[in-house]
Amino acid sequence: MTNKFLWRTNQLISIIPENYDGALIMSEVNGKYFTGFNCDNGYFIVTRNGCVYVTDSRYTEAAGKAVEWCEVIEYSGPDMKEIFGGIAERLGVKTLLVESDRMTLAEYAMMSKVLAPAVLSEEGNLDKLIESLRVHKDSDEIACMKAAQNIAEQTLSHVFGMIREGVSEADLAFEFEFYARRLGAERLAFDSIVASGENGSMPHAVPGQRRIQNGDFITFDVGCVVGGYHSDMTRTVAYGNICDEQRKIYEIVLRAQQNAMNYLFNGGDDLAECDAAARDIIKAEGYGEYFGHGTGHGVGLEIHEFPSVSYRGGKVPENSVITVEPGIYIPGKYGVRIENMLYKTADGAVDLAEMDRELLILG
C-alpha cells in the first residue's frame, strides 16, 4: 500500500513545472490520495528534494504509522514559523504550488507567512495536475467503488420493501442510511435524495415529510462510501397506479440512458457525444426543455470529480469512472432519473451497477 502512495507522489513530482520546487497539499481529499491518510489538519509538502508530512499532536502517531515512507513532523501553533520555515530551508524550497481551488485566502496568508522566504504560487495549475492523476482509477480504487455500489444496491432493495402508502420521504432516507451503515458503509456518499410525486421534478430535492401516495413516482439518488471511495446511483420506482404519460417518460429516460451507455460500451470517448447520445433522444420526444443538467460526472474520492459529461466536450479519460444519469422533470407533477456508474476501459466501458433498471411498480 505504501509503495502505491509513494508512486503517486513521485508521479506528481514528475509533472510539476521545473520553475517550481514542489507543492503544498492541505486538502483532506488530496492528502488521502497521496498518503493514504485521512486528516483534517495535515500539511503534505512535496518537493524534488524530499517530502514531509506535518500535523499536530492529535494525529502524529497515526500519521507515523500510515505514512511510514515519509518523514512526519509534529507542530503546535506557537512554533509554526519555526517548523515550516525550517522544513523549507532544509529542502531548499523557494517556490511551492498550492491548491488554489481549495485553499482559502486566510490559509494562503497564514502559510505564506510561516513558509517565508519561500513563495507560494497559485499559478502552476496544481489542481489540474492532481486531477490528471486522480482521474485514472487503479484496481484498488475500483474495488472500493464496487463494494460501495454493492452496499447501496442491497440497501435500496431493502428500502423498496418499506414503500407503502403513508410512509414519508424522510423515513425512507433515514432507513437507507441506517441499513447501509449496518452493511459496512463508512458513511453516505452524500445526503440521500428521496423525492416523491411533485417533488420528483426537483433534481436535488431534499427528503421531507411528504408521504407516499398512490400513483407516485419516487426517485432515489443514493450512494455509499467504502475505503474513502464513493458510489452514485439513481433509480425511480412507481407506487400504485400510474398514468400512461408516466410510463412513456420512464421509457424515454431509460432509452436515453441506454443509448449513452451503449456509446461508451462501443468505445466512444467524447464527453459531448456521450451527452448528446442521451439528450438527443429526450429532445426528439419533445421533452428537451425538461432535462437541464449534464448527463454525468466523474466519481471517486469525491462524489463529483472530473470529467463532466456535458456539451463542453473533451475526452473520457481511460480508467475513469463516470455516471450516466439523464432525467425528465415535469414541474408540479413528477420526475424520472436513472443513473449508473461506468468504468471506462481502453476499448469500451464496464457497468459497475447490477441493479435492474426496468420500471418497478410497487404496491
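As a convention, each chain's residues are numbered from 1 in the sequence order in which they are written. Totals for whole chains, interfaces and linings use all residues, but because this is a predicted model, local features are given only for residues with pLDDT of at least 70 and pairs of side-chain atoms are given and counted only at 80 or more. Neither water nor hydrogens contribute to the side-chain values; these are computed over all heavy atoms in the structure.

**Considerations on the environment of Arg187**
Heads up, the rule is: What counts as a helix is a DSSP run of H or I of at least four residues, what counts as a strand is a run of E of at least two, and both are numbered from the N terminus. For every residue, the accessible area (1.4 Å probe, protein chains only) is compared with the maximum for its type, and the residue is labelled buried under 20%, exposed over 50%, or partly exposed between those bounds.
For Arg187, the position within the fold is in strand 7 (residues 187–188). Note on Arg187: relative accessible area 38%, which makes it partly exposed. In sequence terms Arg187 and His230 are 43 residues apart; their C-alpha atoms lie 9.5 Å from each other.

**Focus: unusual backbone geometry**
Residue Pro117 follows Ala116 across a cis peptide bond; omega there is 15 degrees. Take Pro117: it is sitting in the loop between helix 5 (105–115) and strand 6 (119–121). Cis geometry marks the peptide bond from Phe306 to Pro307; its omega dihedral reads 5 degrees. Not every positive phi belongs to a glycine, and Asn319 is a case in point at roughly 70 degrees.

**What about the packing of aromatic side chains?**
Using the following cut-off: Planes of paired rings set the category: under 30 degrees apart is stacked, over 60 is edge-to-face and the rest tilted, where pairs are Phe, Tyr or Trp rings (Trp by its six-membered ring) whose centres lie within 6.5 Å. A ring has a charge above it when a Lys NZ or an Arg CZ is no more than 6 Å from the ring centre and no more than 35 degrees off the ring normal.
Taken as a whole, this structure holds 12 aromatic pairs when the rule is applied. In this arrangement the basic side chain of Arg8 is found over the ring face of Tyr33, its NZ or CZ atom lying 4.1 Å from the centre. Taking NZ or CZ as reference, Arg279 lies 4.0 Å from the ring centre of Phe291, over its face.

**Here we look at the pattern of salt bridges**
Between side chains of opposite charge, a pair can form as their charged atoms come close. Heads up, the rule is: Whenever a carboxyl oxygen of Asp or Glu lies within 4 Å of a side-chain nitrogen of Lys or Arg, that contact is scored as a salt bridge.
What the rule picks out here adds up to 20 salt bridges. The salt bridge partner of Arg134 is Glu302, with a shortest N-O separation of 3.0 Å. Taken as a pair, Arg134 in helix 6 (residues 126–134) and Glu302 in the loop between strand 13 (296–298) and strand 14 (305–309) lie far apart in primary sequence, 168 residues in all. Given the relative accessible area of 6%, Arg134 is considered buried. A residue is classified by how much of its surface remains accessible, and Glu302, at 22% relative accessible area, is partly exposed. A salt bridge links Glu305 to Arg134; its shortest N-O distance comes to 2.6 Å. Placement of Glu305 in strand 14 and of Arg134 in helix 6 is noted, with a sequence separation of 171 residues between them. Classification of Glu305 as buried rests on a relative accessible area of 11%. What you see here is one network of salt bridges that share partners, running through Arg102, Arg134, Lys137, Glu302 and Glu305.

**Looking at the sheet that holds strand 20 (residues 361–362)**
Condition: In this scheme, strands are said to pair when DSSP sees at least two bridges between them. Any two residues whose heavy atoms approach within 4.5 Å are treated as being in contact. Interaxial angle, 0 to 180 degrees, is taken between N-to-C directions of lines fitted to C-alpha atoms, where a helix line uses only the stretch in contact.
Pairing within the open sheet is mixed, and its 4 strands lie in the order 8-9-12-20. If you trace the sheet from one side to the other, it starts and ends with strand 8 (193–196) and strand 20, each paired once. In terms of strand pairing, strand 12 (residues 233–239) meets strand 20 through 2 bridges, oriented parallel. From the neighbouring strand, Ala238 faces strand 20, where its bridge partner is Ile361. Against the sheet, helix 7 (residues 139–160) touches strand 9 (216–222), strand 12 and strand 20, its axis set at about 15 degrees to strand 12. Sheet contacts for helix 8 (residues 169–182): strand 8 and strand 9; angle to strand 8, the most-contacted strand, approximately 155 degrees.

**Description of helix 10 (residues 271–284)**
This is how the line gets drawn: Here a helix's expected span is defined as the number of its residues, less one, multiplied by 1.5 Å. Note that bend, as reported per residue, equals the angle between axes fitted to the 7 residues terminating at that residue and the 7 residues originating from it. Whenever a nitrogen or oxygen atom comes within 3.5 Å of another N or O atom, the pair is scored as a polar contact, on the condition that within protein one atom can donate a hydrogen and the other can accept it, and that pairs from neighbouring residues in sequence are kept only if both atoms are in side chains.
Over its 14 residues, helix 10 extends 20 Å from the first C-alpha to the last, a length consistent with the 20 Å expected when each residue adds 1.5 Å. At Ala277, helix 10 shows its strongest bend, of approximately 30 degrees. Within helix 10, burial applies to Leu271, Cys274, Asp275, Ala277, Ala278, Arg279, Ile281 and Ile282. Considering only its buried residues, helix 10 is in contact with helix 9 (244–265), strand 14 and strand 16 (327–330). The backbone nitrogen of Ala272 has a side-chain oxygen 3.0 Å away, supplied by the residue at the start of helix 10, namely Asp270. Phi for Gly286, located one or two positions after helix 10, is positive at around 90 degrees.

**Considering the environment of Gly296**
On the secondary structure map, Gly296 appears in strand 13. As a C-alpha pair, Gly296 and Asp138 span 158 residues in sequence and 21 Å in three-dimensional space. With sequence-adjacent residues up to four places away left out, Gly296 is seen in contact with Ser308, Val309, Thr323 and Glu325.

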